[in-house]
Amino acid sequence: MRSGRISLGCNFACIHCQNWEISQQFVDGEIYREREIAALIDDAKRRGCRNQNWVGGDPIPHIPFWLRVLLLETEGMPVFFNTNGYYSAEASSLLRGVVDIYKIDFKYGSDRCAEKISDVSNYWTVLTRNLRGAKQHGELLIRVLVLPGHIDCCLRRILSFISEELGPETRVNLMDQYSPHWKASELPELRRRLNSAEWGKALRLASEAGMRNVIL
Ligand code: SF4
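Residues numbered from 1 in each chain as written. Predicted model: local features only at pLDDT ≥ 70, side-chain atom pairs only at ≥ 80, totals over all residues.

*Asks:* I'd like to hear about the overall build of the chain, residue by residue, with values.
*Replies:* The number of helices and strands found in the chain is eight helices and eight strands. The globule rule puts the C-alpha radius of gyration for 216 residues at 17 Å, and the 18 Å found for the chain is close to it. The principal-axis extent of the C-alpha atoms belonging to the chain is close to 50 × 35 × 30 Å. For the chain, buried positions account for 31% of its 216 residues. (Helix = DSSP H or I, 4+ residues; strand = E, 2+ residues; numbered from the N terminus. Rg over C-alpha atoms; globule rule 2.2 N^0.38 Å. Buried ≥ 20, exposed ≤ 12 C-beta atoms within 10 Å, placed from the backbone.)

Written as structure tokens, this is what we have:
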């Protein structure tokens, strides 16, 4: 381990990111080599830890690193991939058979909203492809943070897709705790928290979509 300037990184630039200090810039930190991380994970497994959670920012920019770590592990700790889900088809094939649990944030029902808030393009196509792949190749948990002002453009389509394409039994964590961070004030609808009418509508849409495995 050594000290240095590091970026934990994320491939998104959500203007409301509450972790922007580690997702959007370089910070001072401790740099671990693959074998050091592998030893820590093996030790955690021996002490009863049940999974290794690859997180960030987002783990996507560091997939090659984590795969090298995994090759050095000896204890067979299950992998929990904690991601925004916006990765390439090549990354998807690298993760197949490696990841046990995919926890994917499904953020937008509209490419326009994804571009406006997270500065990414072709969002819907990439996310829905990777959600289908995750369901096929591992255990899937979807997390949906309901954004104020994005019920009809985003949440409605997200819930319909999950129910119709992935199945109403899909486990979905619906969250009402949005709060404005970082540059959220640049978008009028993101300057405030979700109101009770919006949350009520979100719950109603989940019910109308037939979702049977919603965690609040
Ligand atoms: S995907 Fe998550 S960590 Fe990355 S910028 Fe968006 S909110 Fe931040």
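So, next bit.
*Asks:* Which residues make up the sheet that holds strand β4 (residues 79–83), and what values go with them?
*Replies:* Reading across the sheet, the six strands line up as β3-β4-β5-β6-β7-β8 and stay open at both edges, with parallel pairing between neighbours. Every other strand in the sheet has two partners, leaving β3 (52–54) and β8 (214–215) as the edge strands with one partner each. Bridge count between strand β5 (residues 101–105) and strand β6 (residues 139–145): five bridges; the pairing is parallel. From the neighbouring strand, Ile104 faces β6, where its bridge partner is Ile142. In the packing of helix α6 (residues 123–137) onto the sheet, contacts are made with β5 and β6, and the angle to β5 comes to roughly 160°. (Pairing = 2+ DSSP bridges. Contact = placed C-beta atoms within 7 Å. Axes fitted to C-alpha atoms, helices over the stretch in contact; angles between N-to-C directions.)

*Asks:* Lay out unusual backbone geometry in plain terms, naming residues and giving numbers.
*Replies:* Residue Gly56 is joined to Gly57 through a cis peptide bond whose omega torsion reads 20°. When you line up the elements, Gly57 lands in the loop between β3 and α3 (63–72). For Asn122, which is not a glycine, the phi torsion comes out positive at approximately 60°.

*Asks:* Hey, could you go over the pairing of strand β7 (residues 171–175) for me, with residue numbers and the actual values?
*Replies:* Side chains Val172 and Leu174 of β7 all project onto a buried face; the interleaved residues Arg171, Asn173 and Met175 project onto a face where none is buried. Pairing geometry for β6 and β7, over five bridges, is parallel. Directly across from Leu141, in β7, lies its bridge partner Arg171. Regarding topology, helix α7 (residues 151–166) serves as the crossover connection from β6 to the parallel β7, and that connection is right-handed. Alignment of β7 against β8, held across two bridges, turns out to be parallel. Each bridged residue has a counterpart across the sheet, and for Val172 the counterpart in β8 is Val214. (Right-handed = clockwise from strand over helix to strand, strands pointing away.)

*Asks:* Can you break down the nonpolar core residue by residue, with the values?
*Replies:* As a rule of thumb, nonpolar side chains are buried together in soluble globular proteins. The biggest cluster of nonpolar side chains holds 48 residues, and the ones touching the most others in it are Val144 and Ile158. The biggest single contributor to this core is α7, with six residues. Those residues in contact with Ile158, other than ones at most four positions away along the chain, are Phe106, Gly109 and Val144. (Core = buried A, V, L, I, M, F, W, Y, C linked by C-beta atoms within 7 Å.)

*Asks:* Could you give an account of the site of the ligand, naming the residues involved and the relevant values?
*Replies:* Neighbouring residues of the ligand: Cys10, Phe12, Ala13, Cys14, Cys17, Asn19, Ser23, Gly56, Gly57, Asp58, Asn84 and Ser118. Looking at side-chain class alone, the shell around the ligand contains five nonpolar, six polar and one charged residues. (Near = placed C-beta within 6 Å. Nonpolar A, V, L, I, M, F, W, Y, C, P; charged D, E, K, R; others polar.)

*Asks:* Tell me about the environment of Ser196, residues and numbers included.
*Replies:* Note that Ser196 resides in helix α8 (residues 196–208). Spatially, the C-alpha atom of Ser196 lies 30 Å from that of Tyr102, the residues being 94 residues apart in sequence.

*Asks:* Explain the packing of helix α2 (residues 34–46) against α3 to me, and be specific about the residues and the numbers.
*Replies:* Interaxial distance between α2 and α3 falls to 8 Å at its minimum, and their mutual angle equals 60°. Accordingly, the angle class assigned to the pair α2 and α3 is oblique. In the crossing of α2 with α3, the sense of the turn from one axis to the other is right-handed. Side by side, α2 and α3 meet where Glu34, Arg35, Ile37 and Ala38 of the first sit next to Phe65, Arg68, Val69 and Leu72 of the second. A class-by-class count of the residues in the contact of α2 with α3 yields five nonpolar, no polar and three charged. (Parallel < 35°, antiparallel > 145°, perpendicular 65-115°, else oblique. Left-handed = near helix turned anticlockwise from the far one by under 90°.)

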